[in-house]
Every structure is written in structure tokens, then in C-alpha cells.
Amino acid sequence: MLKLVNLTVKYGNFEALHRVNLEVDHGEIVVLLGANGAGKSTTFQTISGLNKPVSGHIMLNGQSIAGKSPDKIVKMGIVQCAEDRKLFQQMTVQENLMLGGYVHRGKKSRLRATLQEVFELFPILYEKRSNPAGSLSGGQQQMLAIGRALMAKPEFMLLDEPSIGLAPLIVEQMFKSIQQINQEGTTILLAEQNANAALSIADKGYVYESGKVVVQGSAEELLANEEVRKAYVGA
Ligand code: ATP
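Remember, it's a predicted structure, so these values are computed and weren't measured experimentally. (Residues numbered from 1 in each chain as written. Predicted model: local features only at pLDDT ≥ 70, side-chain atom pairs only at ≥ 80, totals over all residues. Heavy atoms only, no water.)

Q: Tell me about the domain arrangement of the chain, and please be specific about residues and values.
A: Segmentation of the chain into domains returns domain 1 (1-77 + 157-172 + 183-235) and domain 2 (87-153). Just the C-alpha atoms count here: the centres of domain 1 and domain 2 sit 25 Å apart. Each partner contributes residues to the interface: domain 1 has 10 residues there, and domain 2 has nine residues. Our count for the contact surface shared by domain 1 and domain 2 stands at zero salt bridges. When contributions to the side of domain 1 that touches domain 2 are tallied by element, the ones reaching two or more residues are helix H2 (70-75) and strand S7 (156-160). (Domains from an automatic or database assignment. Contact = heavy atoms within 4.5 Å. Salt bridge = Lys/Arg side-chain N within 4 Å of Asp/Glu carboxyl O. Helix = DSSP H or I, 4+ residues; strand = E, 2+ residues; numbered from the N terminus.)

In C-alpha cells:
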């Protein structure tokens, strides 16, 4: 289980997260909702070790991980797929994927098997495996970013706005793939503006406002919550 306890994060004097509490159980899809700047990315960056909290705890399976280095956190099973995808545009699709598997370097058969799994999940990446990442469409680049995160065989995957900038049909496919990844055993924490689609595949969610969690509940509860619907579902 991944648990945030009273997590507070500052950038200089600005408090980006204020005493955030959050729990992600094994096997779940958990959604973080909230306007731009509400603190979702900061939550991910802090879990990933890119930001240090000023107070509070991040517990992974009962062990405190706050303050550990990002590469250690990847090795412990948490991998982030950032909003800006951070692909190496000149490198091929397969080279980008192999970089994601660096934690398993030296275990060639495991890397090959994982690469195979990613290609089965996203067949287009197999077709384009020798093309530069920069030549892919937006949706394909997002698949590549997710595929690269999967190469580390994470227990938890943090997905920051995977649907951003994608056409509606592609968004639908993306959410189906996320659901499949979850069904195959990866626990998912998903930050999304696309609340309806995200909640439709999620177990539960947290709504952020100005660095605080203001509403939390099961996906059904959030979808039925009038204020959440008005603000984020567009109904
Ligand atoms: P978005 O969808 O726009 O990424 P978000 O909910 O993920 O929104 P954050 O990116 O976590 O929000 O930002 C939370 C707050 O912290 C915002 O007010 C943002 O301006 C501020 N912030 C984020 N990163 C930094 C930084 N490196 N330095 C200073 N302030 C920052």
C-alpha cells in the first residue's frame, strides 16, 4: 500500500501541498482531480523523490520513502510517467523503451520478456520500434511514455494527465490500455482533467483545491457528487 500522511510541500515560501492524506491499495486505480495548479503534479513529484516534503510521511508497504532518491524509489517499485512525456526524440522507440528497463539491466531475459509484454499491449510500438520517438503521433508518444514506465515492472505507476492533448478516440483507447495495465497487476495513481473518463475506470478519487484534498470518495460517490460534477465532470 502507498500512503501519504499529512504531506506538506513548499516551493520557497509557497505551500503547494498542505497536509495531504491519501491511500492507494494494491490493485486499485486512484484518480487525483483538480484544476491546474491544485497540486496533483507536486504530489507525484514528491512521491517520486523529485521534491522533498517539509513535513509528513510517504509510506510504501509500511516503509518510509520520503527523502529517498528518485532512482531508489524506482527500484522500490514506483515509476512516474510525467505529463510532458520526456521521451528522447532522436532515439528509436525500442531504445526509449530499453531505457525504462535500466533497473533490470544485466537481466537480459527479463528485459526481453517485459519488452514483449509492452509490444503486446501497444502493437503500434512494435510496428514503429525502429523509428525515432519524435516521429510518432501524440497518442503514440503517450503510449511510448507509458510503455517505458512499464519496462521497470512497477508495482505502482503514477500517470500524470495521460490524455492531455489527445483526440477523443485516442483518449478512449488510452483509458482502456490503463485499465488493462491495472488488470495485469499494476496499481495506478492517475492525475486527470478528464474526470468523467478517469472516474469511469477508477476505484476511488481525491479532489484537490489549492494544495488540499477537499473531497474524497469512491468513483461512484464522486460521479454522483453535485459539486464535483459541476466543477470537473462538466455536467
Ligand atoms: P497542472 O495540471 O497544471 O500540473 P497540478 O494540480 O499538477 O496542475 P502542480 O503542478 O502540483 O499542480 O502545482 C501546484 C502549485 O505549485 C501551483 O501553484 C504551481 O504554480 C506551483 N509550482 C509547481 N511547481 C513549482 C516550482 N518548481 N516552483 C514554484 N512553484 C511551483
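After that view of the structure, there is still more to cover.
Q: Which residues make up the site of the ligand, and what values do they have?
A: Taken together, 14 residues sit near the ligand, with Gly-37, Gly-39, Lys-40, Ser-41 and Thr-42 positioned nearest. Between the ligand and Gly-37 there is a distance of 2.7 Å, counted from an oxygen atom to a backbone nitrogen or oxygen. With respect to the ligand, the backbone of Ala-38 contributes an N or O atom lying 3.0 Å from an oxygen atom. Here the ligand has 630 Å² of accessible area as a free molecule, and 61% of this is covered by the chains. Elements represented by at least two residues in the shell around the ligand include exactly strand S2 (14-24) and helix H1 (40-47). Per-element accounting of the shell around the ligand gives the leading share, three residues, to H1. Tallied by class, the residues present in the shell around the ligand amount to five nonpolar, six polar and three charged. (Near = heavy atom within 4 Å. Polar contact = N/O pair within 3.5 Å; in protein donor to acceptor, adjacent residues only side chain to side chain. Areas by Shrake-Rupley, 256 points an atom, 1.4 Å probe, with all protein chains shown as cover. Nonpolar A, V, L, I, M, F, W, Y, C, P; charged D, E, K, R; others polar.)

Q: Now, about the packing of helix H3 (residues 93-100) against helix H6 (residues 138-150): what can you tell me, with residues and values included?
A: Put simply, H3 and H6 touch, their axes get as near as 7 Å, and they point 35° apart. Handedness of the H3/H6 crossing: right-handed. Every residue of H6 that contacts H3 at Val-93, Asn-96, Leu-97 and Gly-100 is listed here: Leu-144, Gly-147 and Arg-148. Of the residues in the contact of H3 with H6, the class split is three nonpolar, three polar and one charged. (Axes fitted to C-alpha atoms, helices over the stretch in contact; angles between N-to-C directions. Left-handed = near helix turned anticlockwise from the far one by under 90°.)

Q: How would you sum up the sheet that holds strand S6 (residues 78-81)? Please name residues and give values.
A: Within the open sheet, the six strands sit side by side as S6-S7-S8-S3-S9-S10. Their pairing is mixed. Each edge of the open sheet is held by one strand with a lone partner, namely S6 and strand S10 (212-218). In this sheet, neighbouring strand axes are inclined to one another by 15° on average, regardless of whether the strands run parallel or antiparallel. Across five bridges, the pairing between S7 and strand S8 (residues 187-191) is parallel. Across the sheet, residue Leu-158 finds its bridge partner in S8, namely Leu-189. Taken strand by strand, H6 contacts S6 and S7, and its axis lies near 170° from that of S6. (Pairing = 2+ DSSP bridges.)

Q: Kindly report on the pairing of S10, identifying the contributing residues and their values.
A: Examined bridge by bridge, strand S9 (residues 204-209) and S10 share six bridges and lie antiparallel to one another. Bridging across to S10, Gly-205 finds its partner in Gly-217. Where S9 folds back onto S10 in an antiparallel hairpin, the turn is made up of two residues, including Ser-210, whose phi is positive at roughly 45°.

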